[in-house]
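A structural walkthrough
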Amino acid sequence: MSEVLSESPIYPPKENVKPISQISSLDEYKNLYNFSINHPEEFWAEQAKRLTWFHPWENVLDDDFSEADVAWFSGGKLNVSHNCIDRHLKDKAEKIALIWETDEPGEAKTYTYSQLKHEVCRIANVLKASGVKKGDCVCLYMPMMPELVFSMLACARIGAIHSVVFAGFSAESLRDRIIDCGCKVIVTANESKRGGRCYPLKNIVDKAIQGLTLVEKVFVAKRTLTEIEMQPGRDLWLHEEVQKERRSCPAEWMSSEDPLFILYTSGSTGKPKGLMHTQAGYLLYASMTFEYVFNYHPKDIYFCAADIGWITGHTYLVYGPLSVGATTVLFESTPLYPDPGRYWEVIEKHKVNIFYTSPTAIRAVARFGKDYPAKYDLSSLRVLGSVGEPINPEAWKWFYETIGRGECTLVDTWWQTETGGIMITPLPGVTDMKPGSATLPFFGVNPCLVDDNGLELTENNTNGNLCIKKPWPGMARSIYGDHQRYVETYFTQYPGLYFTGDGCKRDEDGFYWISGRIDDVINVSGHRLGTAEIESSLTSNPLVAEAAVIGIPHQIKGMGICAFIVPSVEASSFSVDEISGTIKQQLRNDIGAFALPDQLQIVKGLPKTRSGKIMRRILRQIAIGEHEDLGNLSTLAEPNVVDDLIKQLKTR
Ligand code: WT7
């Protein structure tokens, strides 16, 4: 079944990071891992020294895991913004905290830790002056600009809860999120810039809050020179307001379990879930995983290409790096603007040592070949990271060889919005790398596989539903305003366990291979097939740039396979028949005849969210001809792709 994935070669840990690894060997990892599982309280009590506490905690962990009732470090008081800024000022005041790489390649703007403090404090004071208090929720609907980072930390400083809404969401989605968490204050920008285009953020906010008496103030950062309408009494320019404020603001004493932020994510139902993360456990987990997984060292320049609108941006662009006093790159543009060499240009320019991105982004640039990366000096890179979806071995190898020159550690990190931080991952210099496998659990993470009846599968070489057995500090504590839904979504399917929603295989070495969401698993004639498995075979063919596989109802087999592929540049000299013939042969060779698609659609593009996830729901509806009502398309990166697909399939 999983030949495609498990036949991959093993890449031993890189020698160059061994002397500087946080963990020196696999044995040391295993010892510490076992200790973290058997003595979680001792383990996390020791780790908690990473944070600066205003008042010491009393209990490491109080939990009733099956009721999703978990508290870490209760009794403790601290402030996340203090931990990310003030405590670094003693010896790192002039160190660069943030490098802002703007959409148009040009001079990057930098902020030292001491400047960061001033910017954050002034916004904190603006928020306070507008009536924001501890426990209030502030909505941040902003481009990838420094004011977004400042605003998050400003909220944390005064104890307000931030709800960052990805700037690609429509007015309707934004409105739902504003109402759901009751935000009286919004911070936005006049426009955002991405890929050479401007998007009217403030207009979208205006539409979103039309007739909503709830919203009292809208602060507008000035990203472009475009004039916009300001509603007197409600709308204020952020740059004018900060001028009036002091550059210092006391950091509120927060309890460990006070909420830090809400972040919405889609579930199987239409209503988005506002996952709620809290202070101490989240920050500790972000901080420790950041340092260990990326082998972070104080002189490193770190570049996470994710958008702050998603959890990766929260944990590994902002909180993780800043909590350890790192230099973090904030990238406003896209991998293809002004050309597919943009990432590599940024890496050369800032001498980036650690680069974290998604398989989708890798495939998007890989289709343009090796010429772009070849133009740049990428020798500063030491650790590469991948996140968000299973990485197909083809993309893994391209990233490893073409970008990492075969000399970098590549960490395939599995985690979720709900987990707060990385859960399953290789550690540089420690873990063997197997392309397509997220490998082994992080400290304190106790994964297990269960069958559909909830029975734990303890053997290796098994497939099952991925669950987590014990609480970890970074876990979300609730769905904002609906704890019952939190319990039902994650803790009832397999009582006593947190259910991730992912299918997973554990191989003969105990390595984990995430096959994707359970709903992306297709059962064809009783053969379970991960869409990731089929896709990884498809994309390993040089004629295929991107692939998406979905299950479609099939009269005889129960479910059939529908594969959408985007041909690569190399495929241009082949006919459609030649391409599909080659692809079918590839699937036959890799997996078996039962994996041959019932429908193979060769298309120009795939519908994706702005974070790069393929929207299978849309493909499924188009494939079965139900494209009259495609529902909410506001998260699509390029809405035209859908129309093209429908037209293309109709004409066949
Ligand atoms: C889902 C979570 C975690 C930050 C970005 C996405 C999939 C994530 C991997 C990986 C295979 C992965 C899972 C997971 N996923 N990382 N390394 N290998 N699958 O966060 O939007 O909450 O999505 O993304 O299916 O459940 P998210």
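Not measured: the values here are computed from a predicted model.

Our focus in this paragraph is the site of the ligand. Looking at the ligand, there are 16 residues lining it, with D412, T413, T417, D502 and R517 nearest. Here G388 contributes a backbone N or O atom positioned 3.1 Å from a nitrogen atom of the ligand. Coverage of the ligand by the protein amounts to 90% of the 560 Å² it exposes when considered alone. Elements with a contribution of two residues or more to the shell around the ligand: α12 (311–323), β20 (409–413) and β26 (512–517). Counted by class, the shell around the ligand contains six nonpolar, five polar and five charged residues.

Moving on, we get to the environment of Y490. Residue position: Y490 is located in helix α17 (residues 483–491). Y490 sits in the buried class, given a relative accessible area of 4%. Linking Y490 and L116, residues 374 residues apart in sequence, is a C-alpha distance of 38 Å. Those residues in contact with Y490 that sit more than four places away from it in its chain are K273, L275, E418, I479, L497, Y498 and F499.

Most of strand β14 (residues 259–265) is tucked away, with six of its seven residues classed as buried. Strand direction decides the pairing type here: strand β7 (residues 161–164) and β14, joined by two bridges, are parallel. Among the inter-strand pairings, H162 is bridged to a residue of β14, identified as F261. Here β14 runs beside strand β15 (residues 273–278); their pairing, made up of six bridges, is antiparallel. Note on β15: the bridge partner recorded for P259 is T278.

One way to put it is that helix α8 (residues 171–181) packs onto helix α9 (residues 201–208) with a least axis distance of 8 Å and a crossing angle of 60°. By the angle between their axes, α8 is oblique relative to α9. Considering how the two elements wind past one another, α8 and α9 form a crossing that is right-handed. Between α8, through A171, L174 and R175, and α9, the contact on the second element is made entirely by I204, V205, K207 and A208. Of the residues that constitute the contact of α8 with α9, the class distribution is five nonpolar, no polar and two charged.

An order of β5-β4-β17-β16-β18-β19-β20 is seen for the seven strands of this open sheet, with the pairing classed as mixed. On the outer flanks of this sheet lie β5 (109–112) and β20, each paired with one strand and no other. The sheet shows a mean angle of 20° between the axes of neighbouring strands, direction not considered. Bridge analysis of strand β4 (residues 96–101) against β5 gives four bridges, and the strand direction is antiparallel. Along β5, the bridge assignment pairs I96 with T112. Strand contacts of helix α6 (residues 113–129): β4 and β5, with the helix running at about 90° to β5, the strand carrying the most contacts. On the sheet, helix α13 (residues 342–350) packs against β4, β16 (301–304), β17 (327–331) and β18 (354–357) and is oriented at approximately 145° with respect to β4.

Two aromatic rings, taken as a pair, are described by how far apart their centres are and by the angle between their planes. Summed over the entire model, instances satisfying the criterion amount to 46 aromatic pairs. Seen in terms of ring centroids, Y11 and Y400 are 4.8 Å apart; in terms of plane orientation they differ by 65°. Their pairing is edge-to-face. Residue Y11 is located in the loop between α1 (3–6) and α2 (26–38), and its partner Y400 is located in helix α16 (residues 393–403); the two are separated by 389 residues in the primary sequence. When its relative accessible area of 14% is taken as the criterion, Y11 is described as buried. Here F442 and F443 contribute two aromatic rings whose centre-to-centre distance is 5.2 Å and whose plane-to-plane angle is 65°, an arrangement assigned as edge-to-face. Each member of the pair, F442 as well as F443, carries the same accessibility label: buried. Among the aromatic residues, those joined into a ring-pair cluster are Y29, Y33, F43, W44, W53, W57, W72, F73, Y285, Y292, F442 and F443. Lying over the aromatic face of F511, K434 brings its terminal NZ or CZ to 4.5 Å of the ring centre.

About the cut-offs
Residues numbered from 1 in each chain as written. Predicted model: local features only at pLDDT ≥ 70, side-chain atom pairs only at ≥ 80, totals over all residues. Heavy atoms only, no water. Near = heavy atom within 4 Å. Polar contact = N/O pair within 3.5 Å; in protein donor to acceptor, adjacent residues only side chain to side chain. Areas by Shrake-Rupley, 256 points an atom, 1.4 Å probe, with all protein chains shown as cover. Helix = DSSP H or I, 4+ residues; strand = E, 2+ residues; numbered from the N terminus. Nonpolar A, V, L, I, M, F, W, Y, C, P; charged D, E, K, R; others polar. Buried < 20%, exposed > 50% of the residue type's maximum accessible area, 1.4 Å probe, protein only. Contact = heavy atoms within 4.5 Å. Pairing = 2+ DSSP bridges. Axes fitted to C-alpha atoms, helices over the stretch in contact; angles between N-to-C directions. Parallel < 35°, antiparallel > 145°, perpendicular 65-115°, else oblique. Left-handed = near helix turned anticlockwise from the far one by under 90°. Phe/Tyr/Trp six-rings, centres within 6.5 Å; stacked < 30°, edge-to-face > 60°. Lys NZ or Arg CZ within 6 Å of the ring centre and 35° of its normal.

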